Amino acid sequence: MNTKIIVQRLAFFALVVWAASTIVFFVPRLSPRNAIRERFGELARTGGFSPGDIEKLIASMQQQFGLDKPIWEQYWQYLGNILRMDFGYSLSRYPMTVTEVIMQSVPWTIGLLLVTTVLSFVIGTLLGAVAAWPKAPAWLRSIATPFILLTGVPPIIMGILLLFFVGFRMKLLPLGGAYSVGLVPNWSWAFFADLMVHQILPALSLILGSVGTWVLSMRGMGITIQGEDYVNFAEHKGLSPGRIFRDYYVRNALLPQVTGLALAIGTVVTSAVVVEQLFGLPGIGTALNLAIRANDFPVIYGIVLFITIAIALLMLLLEFIYPVLDPRIRTN
Amino acid sequence: MTLASIQTPMAQEIKQPTAPVLVLRYLRRNKGLAFGLAILLALTLFTVIGLITIDPKKAYPLSAAFKQPPSLKYPFGTDFFGRDLLAAMVLGTWQTAFIGLLAGGIGTLVGIILGFTSAYFGGWVDSAIRTICQILTPVPVLLIQVVVAGSLDKRDVTIVTMAMIVAMLAWMGPTLVIRSQVLTMKERQFVAVAKLSGVSDMGIIMKEILPNLLPFIAAAFVAQVFMAVFASLYLAVLGLGPLREPLLGNIIWSAQSQGAFFNGWWWWPLEPAFAMILILGALALVNMGLDELANPRVRRTE
């Protein structure tokens with residue numbers, strides 16, 4: 001990969017982050033809502049403030065947040081803050097900064113996402129490869145079919161069905177939460193086991209619907225590769241079927257699959273956000289939901305920007321993995 | 001002997017079947033499309049009959065008994081807020097379909113206009129439109145919609161504003177699809193012939209290219225309706241929907257906030273979930289069927 005492509009990719013990444021930040025900056029300012037006024041309005045309804053004091057408070061707060069400055073100055077300052085990952089303070093959990101709120105919840109989300117994405121990608125790719133492999137036994141090839149039927153069921157709907165059948169009817173698994181009520185987080189095996197049991201249903205709701213997409217794309221790739229000359233040649237050379245399957249067939253179909261993964265990251269992350277809050281897991285989705293309920297705008301915008309930057313970064317990383325997978329890109 | 005004189009007697013002998021018969025024959029071959037359309041028809045019937053026979057007031061709080069499981073009196077049960085879930089499902093399915101159709105329609109229309117402009121005129125217009133689409137594609141649409149919906153006053157969020165929020169970022173897909181199709185279409189001979197005969201740009205677009213693109217536009221529209229229903233479900237589930245309305249996503253959101261499964265009210269979240277599967281499944285089937293119609297070459301490659 002030459003420097004020109006690297007620079008191009010980095011510039012595109014910067015452009016995406018800039019576009020997202022600009023949208024997040026201007027959209028709320030176009031709206032007639034005033035977060036600070038609303039916040040103090042709420043306080044005024046509950047506590048005894050006189051209207052004059054409220055106006056003074058609002059004015060001082062606006063000065064503190066720099067909202068009295070011209071909008072372009074605010075915009076420059078805001079872009080600078082984003083570069084430093086400074087999203088301001090949370091309104092509903094005040095002394096905490098938005099970055100602290102995000103950092104507190106993000107490990108949960110990363111754990112869930114990493115496990116589910118890797119599992120569904122690996123299972124789906126293998127099943128898809130097997131489904132298109134004519135020498136595989138029929139029963140092995142038919143495993144993929146139920147997953148294909150589940151493709152497109154939104155993870156949140158899958159979650160509700162799993163909650164009903166597995167959690168509510170069969171009472172096999174807990175109905176929500178990150179760990180059992182009454183347990184205190186600690187480093188024991190018992191707590192870890194409890195934690196894992198609570199992660200099964202959320203993970204399944206993310207995996208079951210997405211395996212099918214990988215099966216479909218891999219199967220499509222597999223069918224085209226079978227007709228290729230190099231596969232025929234390898235067969236006539238007398239290579240073992242296992243070797244052909246691994247090195248000639250899966251290996252070559254993998255590159256488009258990784259491209260697909262890069263394109264799917266946005267969907268995968270947003271699905272996790274919604275599933276987390278269905279199961280009440282303390283991840284970034286639940287943090288977003290709580291912020292929406294509390295009208296905590298800095299946290300809402302901070303989380304949105306954080307996720308967007310994370311997704312753009314992941315796509316950038318996958319771009320740099322291509323050369324590892326495909327020697328043609330490496331030399332070119 | 002000229003060509004015309006051979007063809008005339010043949011044409012008289014063969015009786016041309018009428019259009020509905022042809023459509024039915026095609027549907028018998030394209031089973032996915034037929035099945036998807038059948039589900040959509042059943043859902044439409046459920047909604048239309050429901051809207052005629054059921055009092056829509058029952059879909060709002062305090063109009064029925066509380067937390068009743070499905071019974072003869074309440075076939076779909078009632079919820080924690082005293083809504084008759086049968087009425088709520090009828091109205092919710094209608095509202096969900098309305099958001100999908102409105103947002104999908106706007107997205108496709110904008111996509112058609114931008115796609116045509118981009119592909120037909122080319123040059124800097126094309127690169128500007130393409131770059132904007134490329135930059136916006138990796139930005140997760142749902143998150144931007146969260147920002148927009150979160151910036152609105154919760155009382156201002158109605159079914160229509162919801163559709164607008166969803167439509168705002170639903171045009172990139174159709175733009176790129178239609179752009180690439182127009183680009184291939186532009187090189188075809190019939191367009192060149194029309195151009196040489198002095199047909200205006202608008203004439204070529206309207207009379208030569210647009211009719212040939214109809215199957216693609218239909219497929220793009222269905223795909224967009226699917227995305228819009230999906231997006232409105234996610235926004236509603238995050239609590240950003242019009243909270244008073246019994247939109248399917250809102251029913252799920254309120255059931256979830258009240259801990260429906262913990263309290264044993266299983267029917268409450270389950271019914272909108274099943275309705276959602278039917279709607280999205282049917283749309284996916286229709287979309288695949290239309291792809292087959294638009295792209296005869298990919299027909300049954302599997």
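Model, not experiment: these values are computed from the prediction. (Residues numbered from 1 in each chain as written. Chains lettered and ligands numbered in written order. Predicted model: local features only at pLDDT ≥ 70, side-chain atom pairs only at ≥ 80, totals over all residues. Heavy atoms only, no water.)

Further remarks concern the interface of chain A and chain B. At the interface, 44 residues of chain A touch 41 residues of chain B. Inspection of the chain A/chain B interface yields zero salt bridges. Counting across the interface, chain A meets chain B through two residue pairs in polar contact (both at pLDDT 80 or more). Contributing elements (two or more residues each) for the side of chain A that touches chain B: helix 1 (3-30), helix 8 (155-169), helix 11 (241-279), helix 12 (284-293) and helix 13 (297-325) of chain A. Among the residues forming the side of chain A that touches chain B, the class breakdown is 32 nonpolar, nine polar and three charged. (Contact = heavy atoms within 4.5 Å. Salt bridge = Lys/Arg side-chain N within 4 Å of Asp/Glu carboxyl O. Polar contact = N/O pair within 3.5 Å; in protein donor to acceptor, adjacent residues only side chain to side chain. Helix = DSSP H or I, 4+ residues; strand = E, 2+ residues; numbered from the N terminus. Nonpolar A, V, L, I, M, F, W, Y, C, P; charged D, E, K, R; others polar.)

Residues and elements named next belong to chain A. The feature "transmembrane region" (unreviewed entry), as given by UniProt, occupies residues 6-27, 112-133, 139-165, 172-190, 196-216, 253-279 and 299-322 in the numbering adopted here. With 100% helix and 0% strand, the stretch residues 196-216 has end C-alpha atoms that lie 30 Å from each other. In residues 253-279, the share of helix is 100% and the share of strand is 0%. The end C-alpha atoms are 36 Å apart. (UniProt positions renumbered as here; feature names shortened; annotations may be inferred.)

Glancing now at the UniProt feature "domain: ABC transmembrane type-1" (unreviewed entry) in chain A. If you check UniProt for "domain: ABC transmembrane type-1" (unreviewed entry), the listed places come out as residues 106-322 of chain A in our numbering. Between the first and last C-alpha atoms of residues 106-322 of chain A the distance is 27 Å; the span itself is 81% helix and 0% strand.

This brings us to the packing of aromatic side chains. Throughout the structure, instances matching the rule amount to 22 aromatic pairs over all chains. A ring pair is formed by A:Trp133 and A:Phe245, whose centres lie 5.2 Å apart and whose planes are at 70°; its orientation type is edge-to-face. Here the residue A:Trp133 occupies a position in the loop between helix 5 (98-132) and helix 6 (138-142), and A:Phe245 occupies one in helix 11, the gap between them amounting to 112 residues. Comparing A:Trp133 with A:Phe245 shows no difference in burial state: the two are buried. Relative to B:Tyr234, the ring of B:Phe230 has its centre 5.1 Å away and its plane inclined at 70°; by these criteria the two rings are edge-to-face. Residue B:Phe230 and its partner B:Tyr234 are both found in helix 10 (residues 201-237); the two are separated by four residues, about one turn of the helix. Judged on exposure class, the residue B:Phe230 and its partner B:Tyr234 are both buried. (Phe/Tyr/Trp six-rings, centres within 6.5 Å; stacked < 30°, edge-to-face > 60°. Buried < 20%, exposed > 50% of the residue type's maximum accessible area, 1.4 Å probe, protein only.)

For the rest of this paragraph, the subject is the UniProt feature "transmembrane region" (unreviewed entry) in chain B. Look at the UniProt record and you will see "transmembrane region" (unreviewed entry) annotated at residues 33-54, 97-121, 133-152, 158-178, 216-240 and 273-290 of chain B. Between the C-alpha atoms that bound residues 273-290 of chain B the distance is 26 Å, and the span itself is 100% helix and 0% strand.

Residue and element names in this part refer to chain A. The terminal C-alpha atoms of helix 4 (residues 71-83), which comprises 13 residues, lie 19 Å apart, in line with the 18 Å expected from a rise of 1.5 Å per residue. Of the residues making up helix 4, those classed as buried are Gln 74, Tyr 75, Tyr 78, Leu 79 and Ile 82. Buried residues of helix 4, viewed axially, fall in a sector of 135°; they line one side. In helix 4, the exposed positions that point more than 90 degrees away from the buried face belong to Trp 76 and Leu 83. Directly beyond the C-terminal end of helix 4, a positive phi value near 55° is found at Met 85. (Expected span 1.5 Å × (residues − 1). Arc of directions from axis to C-beta.)

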